[in-house]
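Coordinates in review
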Amino acid sequence: MSAKQELNIALVGNPNSGKSTLFNLLTGLNQKTGNFPGVTVDKKSGSFTTADGRIIRVTDLPGTYSIYPKTLDEQIVQEVFLDQSHPNHPDIAVVVADATNLKRNLLLFTQVKDLGIPCVLVLNMIDIAHQRELKIDLRGLSIDLGVKVIATNSHSGVGVKALKEILSKPLVASKKPFYDIQSLAPDTISQIQQNFNLQENYRAYQYAQQTERLTFLDEAEKEKIREIKSKNQFDNIPAQSQETIGRYQLISDIIDHNIIKPNEDQGRSISQRIDKVVTHKVFGYFIFFALLILIFQSIFAWAEGPMDFIEGGISQFGSWVKSSLPSGVLNDLLTDGIIAGLAGVLVFIPQIAILFAFISLLEESGYMSRAVFLMDKIMRKFGLNGKSVVPLISGMACAIPAIMATRNIDSWKDRLITIFVTPFMSCSARLPVYTILIGLVVPETHVGGIFNTQGLVLMGLYLLGFLAAIFSAIGMKYLLKVKERSYFIMELPDYKLPQWKNVLLTIYMKCRTFTVEAGKVIIAISIILWVLASYGSGNQFNNAEEIVKAENPTLSQDEYEIVLNSHLLEHSYAGQFGKAIEPLIRPLGYDWKIGIALITSFAAREVFVGTMSTIYSIGAEDDDETTIRERLRQEVDPKTGAPMYTMELGFSLMVFYAFAMQCMSTLAIVYRETKGWKWPMLQMTYMTAVAYLSALLTYNIFS
Amino acid sequence: MKSLASLGINEKGIIKHFSDEQLSVKLIEMGCLPGTEVQISFAAPFNGPIAIKVSGYHLSLRKEEAECILLED
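It should be emphasised that the depicted structure is a prediction, and the values quoted were computed from it without experimental measurement.

Details of the overall build of chain B
Helix and strand counts for chain B come out as 2 helices and 5 strands. Relative to the globule expectation of 11 Å for 73 residues, the C-alpha radius of gyration of chain B, 11 Å, shows essentially globular dimensions. With the C-alpha coordinates of chain B rotated into their principal frame, the extents come out at 30 × 25 × 20 Å. For chain B, buried positions account for 49% of its 73 residues. Looking at chain B alone, contacts between residues at least 24 apart form 52% of all its contacts between residues at least 6 apart.

In structure tokens form, the structure reads like this:
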């Protein structure tokens, strides 16, 4: 037994091989998401303990069809295997293969094996293979492939125990490569082996194939490889073709020896029958849009109760903290700043949970790839890609995971356009802003006896965001000059019943990530806002009490407090910022108070509501929307004496929020995904310009 | 020479070679090997992508990609 106490294991396999289910079975709740060092590829890792008490760390690598990456996510797989000093370089690779489609699944296995990494081959979904009457000779496969083979059923978990047992024992890599790469490029391989001191032929060959992509090699090393390649006339693509065809020939022989297939494939014909309906030119789109409406409806209908519950609970907790701690600056900071800010994050959990429940159900069942298939032609007309459907739908919850979901789009231009337009989709953070403004300026009546006017306005705002996304995409399609061939090659996996365990785990992990990530930003902003709104400089701020008393000598104590508070706010640092941008936003109908909210909600849109309630000096105890709404309704425009929150102002603000890039986290993620400030800055400028002009237009149309 | 794009639904063919080298490696990886039988299973509406049965599973690709897959006569 090795002296090392911790063992690193990587799960690798084709997409749709049930790899993530197996990962969940191995690690249970004992998992976390993070990033691979240096890149922002989601890393799922977890651990389990063996019978003899050793801790085994498991990393779930992104699904890929081969060691040659086609997308950014797949690149990490190659990096982890080729870079022997990578922190996630595995001691053992568990290659997960779909037992019903072994031929294609084994390609990746043979590549990983030839890198000299100790392997275990898992034939997952063995139950489905049995259902289809596939006879698989596990012993024969194990001998022919030179690897330990375990069959697992990811539904019942059968085989997982045996897998854990194998993993707890030392495993040696077989010396003999599966495919003899040496004869393909003998000189190139041996020269790279000598120069870089590499043991395996295939590793050296991969250095030649992936020279430009490997980040762990420095420029001098890459130059050396280029030199060797050109000296020996190594040509990447023909070599890769020949290698892949060669591997498949060997795999085919092995499969023919060890697997007996029945003539007619039952399970597949069921999938095919579903596909006839789901991709039909009428029913197909009908099902797709019906699903969208269902998701949309449930986000609003089902989330309302839990959201009220969370809001009420936190507000009670806040008042309890306020009354049970000694009053003072710290108490105010804690209750008005931190707890109020936290409420702004937690309240979105129900909506995010519902959205991700749907998304993971659609992906698990295999429907998502049909939606992509169905929408590709239409999306291409708008400069997008069938695969843009997933980010655009996710964008209705939150642009951050949505933009991360664009990694599946292989064409850079399509991906960039999708990233650029996704923030136009109305995310859940716009909802509180819309809710409060609609309640304020749209009367609650019914159109045609069925449709609630407030609901219609809300639908209209979502539609507005969608249209902005689509039309911006068309514009970019013509403006972006990229000479890159867009292609679309995608597996259509067989339909299967989603596993509730996977769905629940997805929801749990997504909510946790959201709370932590968004929470950090919002709490920081709440504290800064609280400080800026509570402190100020100058005579007006420092001598506020005397000035207010002198101006309003007849006020009662309560009224005096309210006037004093708003006077203090007006002359606080935050108030000074608001005043500074007032000339700019006056044409849209906004005053300096809204100006403050615009500035603070740049961090995140939902901060708007919290800021408005702070600005209108409403105490933490009655920090709910009705009272803010009431207070806003009573607000009077000091210049005209008429109510401040008129219909034109309300609509102008809603339109502004529909379009403006009011989200720091989105900017940060676009920066990471596009590797530079160019795109996030362009995006922000563009979105703000669209928002400003549309709000200006709206204000003038309605007034 | 006949390409995969010229086949109708349920029609079969055998892959001979590819007219686009860049694309060919991606297709080969996905199991579209020369000498393999392919069958068109169904197609997306409005001349959208097609779904083919190859190497025991379903793969979807656009018409443009299908045109690069040349079949034996």
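Comments concerning the overall build of chain A
On a plain count of helices and strands, chain A comes out with 31 helices and 12 strands. For chain A, whose C-alpha radius of gyration is 30 Å, the value lies close to the compact-globule estimate of 27 Å for 703 residues. Referenced to the eigenvectors of the C-alpha coordinate spread, the extents of chain A come out at roughly 95 × 60 × 50 Å. Among the 703 residues that make up chain A, the fraction classed as buried is 44%.

What about the interface of chain B and chain A?
Across the boundary between the two partners, chain B contributes 30 residues, which contact 30 residues of chain A. Where the side of chain B that touches chain A is concerned, the elements lending two or more residues are helix H1 (21–29), strand E2 (37–43) and strand E4 (57–61) of chain B. At 9 residues, H1(B) tops the list of elements feeding residues into the side of chain B that touches chain A. The class makeup of the residues in the side of chain B that touches chain A is 15 nonpolar, 10 polar and 5 charged. By the bridge criterion, 4 bridges tie strand E12 (residues 489–492) of chain A to E4(B) in an arrangement that is antiparallel. Each bridged residue has a counterpart across the sheet, and for A:Glu491 the counterpart in E4(B) is B:Leu59.

Observations regarding the nonpolar core
With 196 residues, the main nonpolar core has A:Val95, A:Ala97, A:Val112, A:Leu121 and A:Phe659 as its most contacted residues. Aside from chain neighbours lying at most four places away, what touches A:Val95 is A:Val12, A:Gly13, A:Leu108, A:Phe109, A:Val112, A:Cys119, A:Leu121 and A:Val122.

Quick look at the packing of helix H3 (residues 102–114) of chain A against helix H10 (residues 236–258) of chain A
Residues and elements named next belong to chain A. Orientation of H3 relative to H10, taken along the N-to-C sense of each, is 125°, at an axis distance of 10 Å. It follows that H3 is oblique to H10 by the angle criterion. Crossing hand, H3 versus H10: right-handed. Facing Leu102, Lys103, Leu106, Leu107 and Thr110 of H3, the residues of H10 in contact are Arg247, Tyr248, Ile251, Ser252 and Ile255.

Considerations on the pairing of strand E3 (residues 50–54) of chain B
Residue and element names in this part refer to chain B. E3 sits mainly inside the fold: 5 of its 5 residues count as buried. Here E3 shows no split at all, with Ile50, Ile52 and Val54 on one side and Ala51 and Lys53 on the other all buried. Where E2 hands over to E3, the hairpin turn is made up of 6 residues, of which Phe46 adopts a positive phi near 55°. Both E3 and E4 contribute to a ladder of 5 bridges, which runs antiparallel. Directly across from Ala51, in E4, lies its bridge partner Ser60. In textbook terms, the turn of a hairpin is the stretch between consecutive antiparallel strands, and for E3 and E4 this stretch comprises 2 residues, one of which, Ser55, has a positive phi near 45°.

Brief notes about the environment of A:Glu212
Residue and element names in this part refer to chain A. In this fold, Glu212 is placed in the loop between helix H8 (201–209) and helix H9 (219–231). Glu212 gets classed as exposed once you count the C-beta atoms within 10 Å, which come to 10. Linking Glu212 and Val563, residues 351 residues apart in sequence, is a C-alpha distance of 66 Å.

Things to note about the domain arrangement of chain A
Many structure descriptions define interface size as the accessible area lost when the parts assemble. When the domains of chain A are assigned, the result is domain 1 (7–167), domain 2 (182–244) and domain 3 (531–702). The centre of domain 1 of chain A, based on its C-alpha atoms, is set 52 Å off from the matching centre of domain 3 of chain A.

Side note on helix H20 (residues 453–479) of chain A
Residues and elements named next belong to chain A. For H20, built from 27 residues, the straight-helix expectation of 39 Å at 1.5 Å per residue is met to within 8% by its first-to-last C-alpha distance of 38 Å. Residues of H20 that are buried include every one of Leu461, Gly465, Ala468, Ala469, Ser472 and Ala473, and no others. Here the buried face of H20 lies against helix H16 (389–394), helix H18 (412–421), helix H19 (430–441), helix H29 (647–659) and helix H31 (678–702).

A closer look at the packing of helix H5 (residues 138–145) of chain A against H10(A)
Residues and elements named next belong to chain A. Close contact between H5 and H10 brings their axes to 9 Å; oriented N to C, the two are set at 155°. In terms of axis orientation, H5 runs roughly antiparallel to H10. Where H5 crosses over H10, the two elements pack in a sense that is right-handed. For the pair H5 and H10, contact is made by Gly140, Leu141, Asp144 and Leu145 and by Ile254, His257 and Asn258, respectively. In terms of residue class, the contact of H5 with H10 is built from 3 nonpolar, 3 polar and 1 charged.

Describing the pairing of strand E6 (residues 119–124) of chain A
All names here are of chain A. Most of E6 sits inside the fold, with 5 of its 6 residues counted as buried. Where strand E5 (residues 92–98) lies against E6, 6 bridges are found, and the strand directions are parallel. Residue Val94 lies in a different strand from E6, and its bridge partner there is Val120. With H3 bridging E5 and its parallel neighbour E6, the resulting β-α-β unit is right-handed. With 4 bridges joining them, E6 and strand E8 (residues 148–151) adopt parallel strand pairing. Bridge pairing in E8 places Leu123 opposite Ala151.

Describing the sheet that holds E3(B)
Strand order in the open sheet made by the 6 strands is E12(A)-E4(B)-E3(B)-E2(B)-E1(B)-E5(B), with antiparallel pairing throughout. Unpaired on one side and paired on the other, E12 of chain A together with strand E5 (69–71) of chain B mark the two borders of the sheet. For this sheet the average axis-to-axis angle between neighbouring strands, irrespective of direction, equals 45°. Across the sheet, helix H15 (residues 367–381) of chain A lies against E12 of chain A together with E3 and E4 of chain B, angled at about 140° from E12(A), the strand it touches most. Sheet strands touched by H1(B): E12 of chain A together with strand E1 (12–18) and E5 of chain B. Its angle to E1(B), the strand with the most contacts, is close to 130°.

Quick word on the confidence of the model for chain B
Mean pLDDT for chain B: 93, with 100% of residues reaching 70 or above. Interface confidence in the predicted complex, given as ipTM, is 0.95; pTM for the same model is 0.82.

Side note on helix H2 (residues 72–82) of chain A
Residues and elements named next belong to chain A. The buried fraction of H2 is high, at 10 of 11 residues. Those residues of H2 that fall on the buried side of the exposure criterion are Asp73, Glu74, Gln75, Ile76, Val77, Gln78, Glu79, Val80, Phe81 and Leu82. Buried residues along H2 sit against strand E1 (7–13), H3 and H8.

Looking at the environment of A:Phe317
Counting through the fold element by element, A:Phe317 comes out in helix H12 (residues 283–324). Taking the number of C-beta atoms within 10 Å as the measure of exposure, A:Phe317 has 14 and is therefore partly exposed.

Focus on unusual backbone geometry
The backbone of A:Asn197 shows a phi angle near 55°, a positive value even though the residue is not glycine. Its place among the elements puts A:Asn197 in the loop between helix H7 (186–196) and H8. A positive phi is found at B:Ser55, a non-glycine position, where the angle reads about 45°. Tracing the backbone through its elements, the reader meets B:Ser55 in the loop between E3 and E4.

Some thoughts on the environment of A:Val441
All names here are of chain A. Position of Val441 among the secondary structure elements: in helix H19. Look at Val441 and you get buried, because 21 C-beta atoms sit within 10 Å. With 206 residues separating them in the primary sequence, Val441 and Met647 have C-alpha atoms 5.1 Å apart. Among all residues touching Val441, those that are not within four sequence positions of it are Tyr645, Met647, Gly650 and Phe651.

Thresholds applied
Residues numbered from 1 in each chain as written. Chains lettered and ligands numbered in written order. Predicted model: local features only at pLDDT ≥ 70, side-chain atom pairs only at ≥ 80, totals over all residues. Helix = DSSP H or I, 4+ residues; strand = E, 2+ residues; numbered from the N terminus. Rg over C-alpha atoms; globule rule 2.2 N^0.38 Å. Buried ≥ 20, exposed ≤ 12 C-beta atoms within 10 Å, placed from the backbone. Contact = placed C-beta atoms within 7 Å. Nonpolar A, V, L, I, M, F, W, Y, C, P; charged D, E, K, R; others polar. Pairing = 2+ DSSP bridges. Core = buried A, V, L, I, M, F, W, Y, C linked by C-beta atoms within 7 Å. Axes fitted to C-alpha atoms, helices over the stretch in contact; angles between N-to-C directions. Parallel < 35°, antiparallel > 145°, perpendicular 65-115°, else oblique. Left-handed = near helix turned anticlockwise from the far one by under 90°. Domains from an automatic or database assignment. Expected span 1.5 Å × (residues − 1). Right-handed = clockwise from strand over helix to strand, strands pointing away. pLDDT = per-residue confidence, 0-100.

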